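Coordinate analysis (summary)
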Amino acid sequence: MIDIDLIWRKYATTAGIIDQRPDFRFDPKFYGSYHPQHKDDIKFLKCHYDQEGKAGGLKANLYDYLSAASSDINPRLTKLVTDADLAAAIEQGAPGSLELACELIYLGEPVDMAMSNFSMSAYLLAYPDIAKAGVNPLLHYLLHGAAEGRQTLADLRQSQYAGDVAYSPDRPTCIIAVHEFSRTGAPIVGLDLAREASQTHNVIVVSLLNGPLLDEFRKHASEVVVTNRPLIDFTFYSGEIFSKIDFAITNSVECYPMFPLLVSKNIPFVSYIHEYTEYTYPLYKTVYTALFADMIVFSSDHVRQSWHGVLRDVGFDKDRDSTIIPQRECVMGAVDGPGFLEARERLSERVGRDLSNVRLVCGAGHLQWRKGTDIFAMAAQICAQRDPNTVFIWIGDGLNAEDVNFGTWINYHLRQLGAGDPENNFFLLPAGTLYPDVLKASDAMFVSSRLDPLPNVVFDALDSGCRIVQFANATGFGDQRYLDTGYFTSVEYGNPEAAATAILALPRKMPTAEKTGRVSAPPRLFDRISAVLDERLKAQRYFVRGASEIDVPMLFSREAEDRDLRTREREKTIRYSRRLLWRDIREVREELARSDNWIHRKCRIAPYRTVAQSDVPAFSMHIHAYYTDEIADDLKKYRAYHLAQRIVVTTDSQKKGDEITQMMEAEGLKAEIVLVPNKGRDILPFMDLFREGGAAGDDEIWCHIHQKKSLGTTDKGDIWRRFLLRILLGDDKTLSGAIAKIGDEDVGLVAPLDPFFIPWNASRNLLPKFASRLPGPMPENPLVFPIGNMFWVRRPVVLAMNAVFGDTYSWPNEPIANDGTEFHLIERLWPAMSTHCDLNSVFVHKLDEQRA
Amino acid sequence: MLIINQRFLPCWEESNALRNWPGPHVLIIYPDSGLSRAQVVELNRCFIIIEYLQSPINAAGLFGDVLGWLDVLQREDGASILFIDGPFDAGLLAEQSERSAKAPNAVEAEMAKDGRVAMLRFGQMVATSPLLPEFFKCLPDPTISDAILVELLQDIFHWEYS
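I will try to describe carefully the structure that is included in this document. (Residues numbered from 1 in each chain as written. Chains lettered and ligands numbered in written order. Predicted model: local features only at pLDDT ≥ 70, side-chain atom pairs only at ≥ 80, totals over all residues. Heavy atoms only, no water.)

1. Overview of the environment of Ala101(A)
Residue and element names in this part refer to chain A.
- Looking at the secondary structure, you find alanine 101 in helix α7 (residues 97-106).
- Along the sequence, alanine 101 and methionine 115 sit 14 residues apart, while their C-alpha atoms lie 8.4 Å from each other.
- In this structure, alanine 101 is in contact with Leu77, Val81, Leu86, Ile90 and Met115, ignoring residues within four places of it in sequence. (Helix = DSSP H or I, 4+ residues; strand = E, 2+ residues; numbered from the N terminus. Contact = heavy atoms within 4.5 Å.)

2. Here's the deal with the sheet that holds strand β13 (residues 467-471) of chain A
Residues and elements named next belong to chain A.
- With parallel pairing, 6 strands are arranged side by side in an open sheet as β11-β10-β9-β12-β13-β14. The open sheet has two edge strands, β11 (426-429) and β14 (488-491), and neither has a second partner. Going across the sheet, the axis of each strand differs from the next one's by a mean of 25°, ignoring polarity.
- Across 2 bridges, strand β9 (residues 359-364) lies against strand β12 (residues 444-447) in parallel orientation. The residue bridging valine 361 from the neighbouring strand is alanine 444, located in β12. (Pairing = 2+ DSSP bridges. Axes fitted to C-alpha atoms, helices over the stretch in contact; angles between N-to-C directions.)

3. A short note on the pairing of β11(A)
Residues and elements named next belong to chain A.
- Two elements, strand β10 (residues 390-395) and β11, share 4 bridges in a ladder whose sense is parallel. Bridge assignment links phenylalanine 392 to a residue of β11, and that residue is phenylalanine 426.
- The handedness of the β10 to β11 crossover, carried by helix α23 (residues 407-416), is right-handed. (Right-handed = clockwise from strand over helix to strand, strands pointing away.)

4. A look at the interface of chain A and chain B
- The interface of chain A with chain B comprises 16 residues on the first partner and 22 residues on the second.
- Interface of chain A and chain B: buried area, both sides summed, is about 1,800 Å²; carbon and sulfur atoms make up 46% of it.
- On the surface where chain A and chain B come into contact, there are 4 salt bridges.
- In this structure, Lys538(A) and Glu76(B) form a salt bridge, with 2.8 Å as the shortest nitrogen-oxygen distance.
- Inspection of the region where chain A meets chain B yields 14 residue pairs in polar contact (both at pLDDT 80 or more).
- For the side of chain A that touches chain B, the leading source of residues is strand β15 (residues 542-545) of chain A, giving 4 residues. (Buried area = accessible area lost by both parts, 1.4 Å probe. Salt bridge = Lys/Arg side-chain N within 4 Å of Asp/Glu carboxyl O. Polar contact = N/O pair within 3.5 Å; in protein donor to acceptor, adjacent residues only side chain to side chain.)

5. With respect to empty space enclosed by the protein
Residue and element names in this part refer to chain A.
- This model, assessed by the stated rule, comprises 4 cavities of 30 Å³ or more.
- Reported here for the largest cavity is a volume of approximately 60 Å³.
- Gly363, Ala364, Lys371, Trp394, Met445, Phe446, Val447, Ser448, Ser449, Asp452, Pro455 and Val457 together form the lining of the largest cavity.
- For the lining of the largest cavity, the secondary structure elements donating two or more residues are β9 and β12.
- Looking at the lining of the largest cavity residue by residue, the class counts come to 7 nonpolar, 3 polar and 2 charged. (1 Å grid on protein atoms, 1.4 Å probe; cavity = no way out; pocket = protein on both sides within 12 Å on 5 of 7 lines; lining within 4 Å. Points joined across faces, edges and corners; volume = space filled by probe spheres on them. Nonpolar A, V, L, I, M, F, W, Y, C, P; charged D, E, K, R; others polar.)

Below, the structure is given as structure tokens:
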């Protein structure tokens, strides 16, 4: 018989309560709730229970209470227990075993999740409603949650798979993270990494999504977990391996959900990047990678070039903190004569055309715009005219005629050119067993991709002795190291005619006399990447500890319980001199002082203050109100509206105009409604007021604010909007000093100082277009500007902005992108216009006002 | 590895004091340093810098940070660790270097009047032990006083041939 008291002693010792509670059958903490005045007197409580309480029906512990409340408790507890001895005791019907189970779980961390599939804290994390209600999580689960189907650690632990490689405490432990277990490029590279890592390290493989490669990964790992919230779930996975993780490799930019875990636990990591920024959205994936990775390893220099803007924008030191390591070595292989002939025979049989003597050109990959399958087809059409003996084969999946983004059109295209007809020169094969034959049999591979980092299929084709034709500036194989091999021909980007010409000029494949095996050496990717990280960590010469002045969340939440985690994320970015947030006001001042750009010489920083009405100059206000739902509220919340000499409101319909007029009248205000088309977000309607005959008239001082939903659709947006208005206007009783500041004759622009350090981002691409129209060179980084596009401004500054674009500029119509348009550029140019007018720009800080 | 703090800086250039302690030189900067960012950048050319935006509550916190971040560097350096809180001259380093050579397995400390560690030296055998950074990671109570920390270190790491 199992001694259940021994089990209690083991866990109670772990929890450090064995002295206060030698027996699980009586819980002084629980019983103390009957006698709060004696809650710390254990002896009294026990005595009271024995002498009076028990007879009086008082409960000795939680189990005593719960079992009296419901008969379903015991089977539910039985299901939760994972401790082998306790489970056996329950199965044997040992008296007190279920009571013990309940009392052990009720001890909470670390006991609960060590002996059961229930964690008090995980339950509260998963169900904030229960946390908010202050209900005991175990009580809730046993009485209600189980019946409601609420989840426990058992569900979470189903995403934890044991790997085939035994954990060894003597080895270092690393995480290999992939975004999914699909049989696609990045996960295949991840598998190579895990395979190699498992020779020398304990490996935890993390995937955000499950897929067909799961079992392959399990062969090369000690643990495999599939989770899209690693920060939370890692707390609850079981196994010593999770207790000390030395470093991680996140393979693909899509692994960014790993960052909160890695940053919170100070686990250094390399991001191995295969993706171009041109197609990686939302932008924050790339920004967070650049901010938090200790080292970024790119698969090619061409990919790194694509990241150039993002890296510059956050102050990432490209030379120090990044390097290039291709996932495979580039080696030209060969195919033996018999293998070549057999492959061609099998393909001939499959496509119904004799391919024994043709010039065979292959393409491979999922059918999509990015891979340029359509261009591949066009090259085939061109070659059909020039050399009927040239045949194109594309091997890959993804042709879906119902996909109107691509499949519909390529399907129709292929039908028109007679793809698959033995009389024709284009054939499509599904991915699968014919892949090696296609490569062996082909003379060349045409990489028709529009953007493709370093596709594995090219390495495979090289192994099989194929030459490669590709577009310049389209793939990582455009790096000089590949061009120097002589195996690659780069032609004008996106030009199928140039590709066809290059293909027809290539020598045909010459099979070798003898059979050849795989030529490329097995990759030593993991070794190289981990060595790069080691070197980087060793070279670090600056560290910072503690909370910097500006506390705004990046990876973590703004809640008080995440304060330490927010400190951790800032420590890391400051350590590497990367920046998404300003560190403190001193840093803003120092950066402005250090800048030699003409704009920054007239940028000033000032603290928020309130002023008397007598300090405020005469001013007008412009509200752009595409949405109207917050106007009434704003009019009440900000006294400044009531002091404006004029309030001009631009909106796009008479109905909205009437609505706004009514709201204003209800507050005793008069709105001048100007109807405008929905064009140019909030800012073009404002700038247009200042054109000849515009509603701005000769008024000198203006406040521009707007109701755009881009600021207000989310909780975060609401907070941001309140932040801006509070600094610009004050509140219902007070007036912001910003209003007085714009009254200073030497000031042309007043805006809130944003804690975020917002760079040019996609607007950088527009700078060359406007360089000749701007009064001087733009800085490397704008440093300060009215982020959110709400500000106080003097009339000449707006006129200067209008002059940059002229009266006939072709503004883009809605819908427009979230970044990189003229309107986003204008937001960044206001300080330049103010300086151009020989006026100062003042940025007002108020660090106690929540920004995000 | 030599770990010093901003209070050493006034006598830095005059004394050329650091020549007697080869290996990495770590400069701890506290929030009251008064150093500008530009000065910190300049100092970073000569020192590995650990900047505290709030003062560490005790030596355990400080050494936990230093040995956590510089673990690999320290093991590769393979030499003793000396921490000095305050100004000193080349002579003091020479003396410490000599004592360190004689006691590679010792943890020696001098305490200041306020109970804080004024000087702490880990002999080479202790400084290069892989257990040293682990010790700081596993401290059950990171708020322990400097005196108790020194006692614990001496209990665990200081050994002698019998």
